[in-house]
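Residues per chain are reported as follows:
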Amino acid sequence: MPSPSRGSPITPTFSVGARRGSLRRLLPWVARHKGWVGYSLLAFAGARLLEASVPLFLAEAIDLLAAGNWDVRGPVLGIAGAVLARLFVVSSARVAIRRAAVNVAFDLRRALFDRLQRQGLAFFGRHTVGDMMTRAVSDIGVVRRLVSVGTIFLVILTYATTIGFAAMFYLAPELAWMVFPPLPVIAVYALFAARSMRAASEATQATLGHVTERAQETFGGIRTLQAMAREPFVEARFREANDAYRAAFLHQARINSLMTAIMPSLAAVGTLIVLGYGGALVQAGALTPGKLVAFFAYVAMVIQPMRSAGTLVNMVQRGRVSAERLFDILDLPDEIDDQGARGGESGSAAPPVAGALAFQNVTARYGATRAAALSNLTLHIKPGEVIAIMGPVGAGKSTLLALLPRLLDPDAGQLTLDNTPLPAWSLGALRRAIALVPQDAFLFADDLGANLSYDDPEREEALILDAAEAAAFRQTVDRLPDGLDTRVGERGLTLSGGQRQRATLTRGLVRQAPVLLLDDCFAAVDTHTEAQILDGLFKARAGKTTLFVTHRSATAQRADRIIVLEDGLLRAAGTHEKLLAQGGWYARLAKRQGTA
Ligand code: ADP
Ligand code: MG
């Protein structure tokens, strides 16, 4: 497992430059829901018009009253009607744009999931689950907010400005001109304020990231940590991160309140200008008092969204970074391409496969910049042969197995199954023909039966129990309160390590695949159980190709052939006796284990 970075913020694993295209690339995703977007744009325009009519009714009422006419029912009804209608229109517009936004997020999430599922071991070696989660949750959230709130902001800004100015010019053109000069000042200030607030907010986010990271690290490794009595150390490190977060948050609060407090004073300048000049116009009889009041309302209508221009810019910038991080993944090619046709795609039955395997000068690495995990390996395996793979940790044993179901593709060289190169098989057929039981015994949060028959939920219980029998797991199943219906926890915590291992072994055996690969599946069981498993295994796999990784020479001896890997190189291959005679790593191991 890659060690979590200390102190540094959670570093994105892709380059994040401000690539311009990423926002434009969101458009097709939004366009898929253009019905809702279109409706909301129209509805927002309607709402603004309704809103803009209110000051006109107000002006009419004031001027009627000023003229000593008390019958203002007309304008009052007008205002009530406009306000009520606006309420309905605005809320439906908001729902519509949110619906569009949540649909965009839904589509993106699905596409992301799809893309990630098509990546292989090399990709998941380079990227952490945490990074993927951030993209799926927080980056998609940012994009969703950009689509909904961003659109609302943008729409308000455009509509309010045009409608507001149109109304001002209609009421008093000479006064409307006076409103222009303060606007750029306000807009520029709003951008400046937004930038400082964003810097503060980013600092807060980064420190919060540290807090989460520390917590995750701690509770992920809680057993190790408690066993080693490292709590005080961990607590001190957590307090440090927590303190930094509090400080950053307070700083952000100070900046935010200062910036937002200054804004109304700037806006007041506009109001003062209108009051001074407009007052003079009223005195000169060029403007009615009612119209002056209405004018103020339009000034507010124009200035209000100007104040949030900065927020909009921030949202767009953050949206761009997030969209880019999403497209980084969405643009990934399939790590393992699926162009082959042999074996077909449909049906869950394993295709007729004899089980001959060949490696020809195979070199494999996890990513172009990494050292080769397996170098220039040539190996031929006959149908039905049982091969034991041995070698020190990191020798490339798991890599060798991973190449066969194409969890990883080789850098150079070729692998074949039944003399057909692996890429010429369809991935589905290949992976049905080759069953791999990985080293880490992973159980899904589901019932045991579903876990054991993961490839085929409809499989008959008797078949599952037979496989469990062969894996020396039958007794455990029988002893469980609900048998195969027993829920196993998120990480199968209700089962011991050895039981988990036998569960995954059952999962591999039950498929009766022409080729079975077992990656260190007996490590957590005692020698007696292991012997029992091997008996079951050999019986169940008679005539079928089987490769298993083991660390015990007593186990390896039972294979037809033993191969020894060291540092990614095939060092020796042959029977127990032959390898003993050769000397070297295997002979030393056998001697130590008392089987020489
Ligand atoms: P073994 O199973 O013999 O212990 P592996 O095949 O797992 O060895 O590993 C061989 C080499 O490849 C090691 O150097 C290991 O660090 C590297 N390696 C294995 N898996 C990955 C991965 N997913 N990403 C990057 N490097 C890996
Ligand atoms: Mg391994």
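Residues numbered from 1 in each chain as written. Chains lettered and ligands numbered in written order. Predicted model: local features only at pLDDT ≥ 70, side-chain atom pairs only at ≥ 80, totals over all residues. Heavy atoms only, no water.

**Q** Quick one: what's the story with helix α11 (residues 289-307), residue by residue and with numbers?
**A** When the terminal C-alpha atoms of α11 are compared, their 27 Å separation across 19 residues agrees well with the 27 Å that a helix rising 1.5 Å per residue should span. Every buried residue belonging to α11 is among Gly-290, Leu-292, Ala-294, Phe-295, Tyr-298, Val-299, Met-301, Val-302, Ile-303, Pro-305 and Met-306, and all of these are buried. Against the buried residues of α11 lie α3 (34-66), α6 (129-171), α7 (173-179), α8 (182-220), α10 (231-283) and α12 (309-330). (Helix = DSSP H or I, 4+ residues; strand = E, 2+ residues; numbered from the N terminus. Expected span 1.5 Å × (residues − 1). Buried < 20%, exposed > 50% of the residue type's maximum accessible area, 1.4 Å probe, protein only. Contact = heavy atoms within 4.5 Å.)

**Q** Any chance you could break down the domain arrangement of the chain for me, citing the residues and the numbers?
**A** Domain parsing of the chain yields domain 1 (22-330) and domain 2 (386-398 + 427-593). Taking the mean C-alpha position of each, domain 1 and domain 2 sit 57 Å from one another. (Domains from an automatic or database assignment.)

**Q** Provide a residue-level description of the site of ligand 1, including the pertinent values.
**A** Taken together, 13 residues form the shell around ligand 1, and within it Gly-394, Gly-396, Lys-397, Ser-398 and Thr-399 come nearest. Gly-394 is positioned such that a nitrogen or oxygen atom in its backbone is 2.7 Å from an oxygen atom of ligand 1. Measuring from an oxygen atom of ligand 1, one finds a side-chain N or O atom of Ser-398 at 2.7 Å. For ligand 1, whose unbound accessible area comes to 550 Å², protein coverage reaches 67%. Looking at which element gives the most residues to the shell around ligand 1, the answer is helix α13 (residues 397-403), with three residues. Per-class residue counts for the shell around ligand 1 are six nonpolar, five polar and two charged. (Near = heavy atom within 4 Å. Polar contact = N/O pair within 3.5 Å; in protein donor to acceptor, adjacent residues only side chain to side chain. Areas by Shrake-Rupley, 256 points an atom, 1.4 Å probe, with all protein chains shown as cover. Nonpolar A, V, L, I, M, F, W, Y, C, P; charged D, E, K, R; others polar.)

**Q** Please provide a residue-by-residue account of the coordination of the magnesium ion (ligand 2), values included.
**A** Looking at the magnesium ion (ligand 2), the protein donor atoms are Ser-398 (OG) and Gln-439 (OE1), and they sit 2.0 to 2.4 Å from it. Here Gln-439 lies in the loop between β6 (434-437) and β7 (446-447) and Ser-398 lies in helix α13, a separation of 41 residues in the sequence. For Ser-398, a relative accessible area of 29% gives the class partly exposed. Among the residues examined, Gln-439 registers a relative accessible area of 42% and is labelled partly exposed. (Donors = N, O, S within 2.8 Å, 3.2 Å for Na, K, Ca; no water.)

**Q** Explain α3 to me, using residue names and the numbers behind them.
**A** In this model α3 runs 49 Å from its N-terminal to its C-terminal C-alpha over 33 residues, within 8% of the 48 Å that 1.5 Å per residue would give. At the exit of α3 stands Gly-68, carrying a positive phi of roughly 85°.

**Q** Could you give an account of the layout of surface pockets, naming the residues involved and the relevant values?
**A** Here the second largest pocket defines a volume of roughly 460 Å³. For the second largest pocket, the lining is made up of 18 residues, of which Leu-27, Leu-146, Val-147, Thr-151 and Leu-154 are closest to its centre. For the lining of the second largest pocket, the elements supplying multiple residues, two or more each, are α1 (21-24), α2 (27-31), α3, α6 and α12. Grouping the amino acids of the lining of the second largest pocket by side-chain chemistry returns 14 nonpolar, three polar and one charged. (1 Å grid on protein atoms, 1.4 Å probe; cavity = no way out; pocket = protein on both sides within 12 Å on 5 of 7 lines; lining within 4 Å. Points joined across faces, edges and corners; volume = space filled by probe spheres on them.)

**Q** Describe the nonpolar core, listing the residues and the values that go with them.
**A** Counting residues in each nonpolar core, the largest one holds 65 residues, and the members touching the most others are Leu-108, Leu-112, Met-168, Leu-175, Phe-295 and Tyr-298. The leading source of residues in this core is α6, at 15 residues. Counting residues in each nonpolar core, the second largest holds 45 residues, with Ala-471, Ala-472, Leu-518 and Val-525 among its members. (Core = buried A, V, L, I, M, F, W, Y, C linked by side-chain atoms within 4.5 Å.)

**Q** Explain the environment of Ala-82 residue by residue, including any values.
**A** Residue position: Ala-82 is located in helix α4 (residues 73-117). Separated by 33 residues in the primary sequence, Ala-82 and Leu-49 place their C-alpha atoms 9.1 Å from one another. Beyond its immediate sequence surroundings of up to four residues, Ala-82 is in contact with Leu-50, Ser-53 and Val-54.

**Q** Before we move on, could you go through the pairing of strand β11 (residues 561-566) and cite the residues and values that matter?
**A** Within a regular beta strand, the side chains point alternately toward one face of the sheet and then the other, so they alternate between its two faces. Of all six residues making up β11, six are buried, and the element is well covered by its neighbours. Side chains of β11 alternate between two faces, with Arg-561, Ile-563 and Leu-565 and Ile-562, Val-564 and Glu-566 buried alike. Pairing geometry for β11 and strand β12 (residues 569-574), over five bridges, is antiparallel. If you follow Ile-562 over to β12, its bridge partner there is Gly-574. Linking β11 to β12, which pair antiparallel, is a turn of two residues; within it Asp-567 sits at a positive phi near 50°. (Pairing = 2+ DSSP bridges.)

**Q** Please set out the packing of aromatic side chains residue by residue, giving values where relevant.
**A** For any pair of aromatic rings, geometry is given as the distance between the ring centres together with the angle between the planes. Using the criterion set out here, one finds 11 aromatic pairs in the structure. Seen in terms of ring centroids, Phe-165 and Phe-180 are 4.5 Å apart; in terms of plane orientation they differ by 5°. Their pairing is stacked. Taken together, the positions of Phe-165 in helix α6 and Phe-180 in the loop between α7 and α8 put the pair 15 residues apart, joining distant regions of the chain. Phe-180 sits in the partly exposed class, given a relative accessible area of 33%. Relative to Phe-444, the ring of Phe-442 lies with its centre 5.0 Å away and its plane at 85°, an arrangement referred to as edge-to-face. Residue Phe-442 is classed as partly exposed on the basis of its relative accessible area of 41%. Feature note: the residues Phe-165, Phe-169, Trp-177 and Phe-180 constitute an aromatic cluster, connected by ring pairs. One residue, Arg-25, lies across the ring of Phe-327, its end atom 4.1 Å from the ring centre. Lying across the ring of Trp-36, Arg-99 places its NZ or CZ 4.4 Å from the centre. (Phe/Tyr/Trp six-rings, centres within 6.5 Å; stacked < 30°, edge-to-face > 60°. Lys NZ or Arg CZ within 6 Å of the ring centre and 35° of its normal.)

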